[in-house]
Amino acid sequence: MTALTFGSIDPSPWWPRPVDLATWVVVEGTGATATIEVRFGTASHTGLVRDLNEDRLLASTPVFVVADGMGGHEAGEVASSVTVERFLPFLGRADVTRDEVAKAIADANAEVRRRSEGIIDGIGTTLAGLVVVDGVGGAEFLGINVGDSRVYRLRAGRMEQLSVDHSYVQELLSAGRITRGEADSHPQRNVITRAVGVDPEVEPDLWTISPDPGERYLVSSDGLHGEVDAESIAGVLRGVDDCQVAADELLRLALESGGRDNVSVIVLDVIGTDTDLSDTSPPAPVVVEVPLEGVVVPERPAADEIEQVPLTPTEETASGVATGVLIEDVPSADKGQS
Ligand code: MG
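The structure presented is a predicted model; accordingly, all values stated were derived computationally and were not measured.

## Some remarks on the pairing of strand β11 (residues 205-209)
Strand residues, when the strand is regular, have side chains that alternate between the two faces of the sheet.
Then comes step 1: Summarising burial for β11: five of the five residues are buried, a large majority.
Then comes step 2: Burial along β11 is two-sided: Asp205, Trp207 and Ile209 and Leu206 and Thr208, pointing in opposite directions, are all buried.
Then comes step 3: Bridge analysis of strand β7 (residues 138-146) against β11 gives five bridges, and the strand direction is antiparallel. Bridge assignment links glycine 143 to a residue of β11, and that residue is tryptophan 207.

Here is the structure:
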């Protein structure tokens, strides 16, 4: 593991050192009455196949994010580290704004590109999570997504995926060209269409979430949802009361399912809030919903309702090659870690 320094900031909230496990924390917004109380647990693991953990997570109020770095020769962990590092100045603050978060992501994008100059192609990282920000009505969550790490919410027993993947497969799904079942086994499901550090400008999804007591949020890298089906994830979120135990259990399931990728999870419980706000529109329709029983696959729109989404990775699909960012395939014994 490459050790990175953070100036005077203690990197203790940063994986792999112990995070504030299952700690009570209170974040007070600057609004007159806004308060959010959360409790959270975390887990991150190299997995059973890869040599390095290129995921990074940061879980300390008001920041709860996961970054999944990509690029060989340790470049991936540089990308994810540099990106998470941009959120360290927010720790302990109750007055972080949406604009500051957007700037942090833009700065991370520039820094990753700077680090990758002349070194290697394809360095980049996903970024997903929640930041408690000082919104119009007080403290609220700002949802963040670039790439295919994910944010889920469990509310009244139902799990929803709040983030929408920036991936080739998601574009096919949104265009109604494939089904959810086909997406889960699609040979190009590793191709993502946005990442931090790849293009001169990064376009993150940022949206407002109004948290309510009793809700549980999950932030995870694809080492979890690539290995464990949504129903099983929802089962753990519903059935395991303690958020740290739930995080450990999700990690265990991912490893038990093969552990072919790095796995990172943050399970965050909203204990109390006195904000009374509404969510803003998510970046796109929610694509996965898991109710109390079974998995609901959203209805596919009728063909004449489908807006033909221009797909970025259209070239050479016959040979299985697509443009966009290719997250390294699972290394096999003969391929090894690049
Ligand atoms: Mg991954």
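## With respect to the pattern of salt bridges
Then comes step 1: A complete count under the given rule lists 18 salt bridges for this structure.
Then comes step 2: For arginine 56, the salt bridge identified is with glutamate 77, shortest N-O distance 3.5 Å. Taken together, the positions of arginine 56 in strand β3 (residues 55-60) and glutamate 77 in helix α1 (residues 75-85) put the pair 21 residues apart, joining distant regions of the chain. For the residue pair arginine 56 and glutamate 77, the accessibility class agrees, reading buried in each case.
Then comes step 3: Its salt-bridge partner being glutamate 227, residue arginine 260 comes within 2.6 Å of it at the nearest N-O pair. Pair noted here: arginine 260 is in the loop between α7 (243-256) and β13 (263-273) and glutamate 227 is in the loop between α5 (222-225) and α6 (230-239), with a separation of 33 residues, a long-range link.
Then comes step 4: With a relative accessible area of 40%, arginine 260 lands in the partly exposed category.
Then comes step 5: Using a relative accessible area of 15% as the deciding quantity, one classes glutamate 227 as buried.
Then comes step 6: By sharing partners, the salt bridges in this structure join Arg86, Glu111, Arg114 and Arg115 into a single network.

## A look at the environment of methionine 159
Then comes step 1: Residue position: methionine 159 is located in strand β9 (residues 158-161).
Then comes step 2: For the pair methionine 159 and arginine 238, spaced 79 residues apart in sequence, the C-alpha to C-alpha distance is 8.8 Å.

## Focus on the nonpolar core
Then comes step 1: One finds Phe87, Val101, Ile105, Leu127, Val131 and Ile144 to be the most contacted residues of the largest nonpolar core, which totals 27 residues.
Then comes step 2: Within the residue set of this core, elements represented by two or more residues are β4 (63-70), α1, α2 (98-116), β6 (127-135) and β7.
Then comes step 3: Take this core: its biggest share by element is five residues, from α2.
Then comes step 4: Residues contacting phenylalanine 87, with those up to four places away along its chain left out, are Leu58, Val63, Val101, Ile105, Leu127, Val131 and Ile144.
Then comes step 5: Core analysis: the next-biggest nonpolar cluster, separate from the first, contains 24 residues, Ile233, Ala246, Ala247 and Val267 among them.

## Description of the coordination of the magnesium ion
Then comes step 1: The coordination sphere of the magnesium ion, as far as protein atoms go, consists of Asp68 (OD), Asp222 (OD) and Asp261 (OD), spread over 2.0 to 2.3 Å.
Then comes step 2: Mapped onto the polypeptide sequence, the residues donating to the magnesium ion form the spacing pattern D-x153-D-x38-D. A residue pair is termed long-range when its members are at least 10 positions apart, and aspartate 222 in helix α5 and aspartate 261 in the loop between α7 and β13 qualify at 39 residues. No difference in accessibility class separates aspartate 222 from aspartate 261, as the two residues are buried.

Cut-offs used in this document
- Residues numbered from 1 in each chain as written.
- Predicted model: local features only at pLDDT ≥ 70, side-chain atom pairs only at ≥ 80, totals over all residues.
- Heavy atoms only, no water.
- Buried < 20%, exposed > 50% of the residue type's maximum accessible area, 1.4 Å probe, protein only.
- Helix = DSSP H or I, 4+ residues; strand = E, 2+ residues; numbered from the N terminus.
- Pairing = 2+ DSSP bridges.
- Salt bridge = Lys/Arg side-chain N within 4 Å of Asp/Glu carboxyl O.
- Core = buried A, V, L, I, M, F, W, Y, C linked by side-chain atoms within 4.5 Å.
- Contact = heavy atoms within 4.5 Å.
- Donors = N, O, S within 2.8 Å, 3.2 Å for Na, K, Ca; no water.

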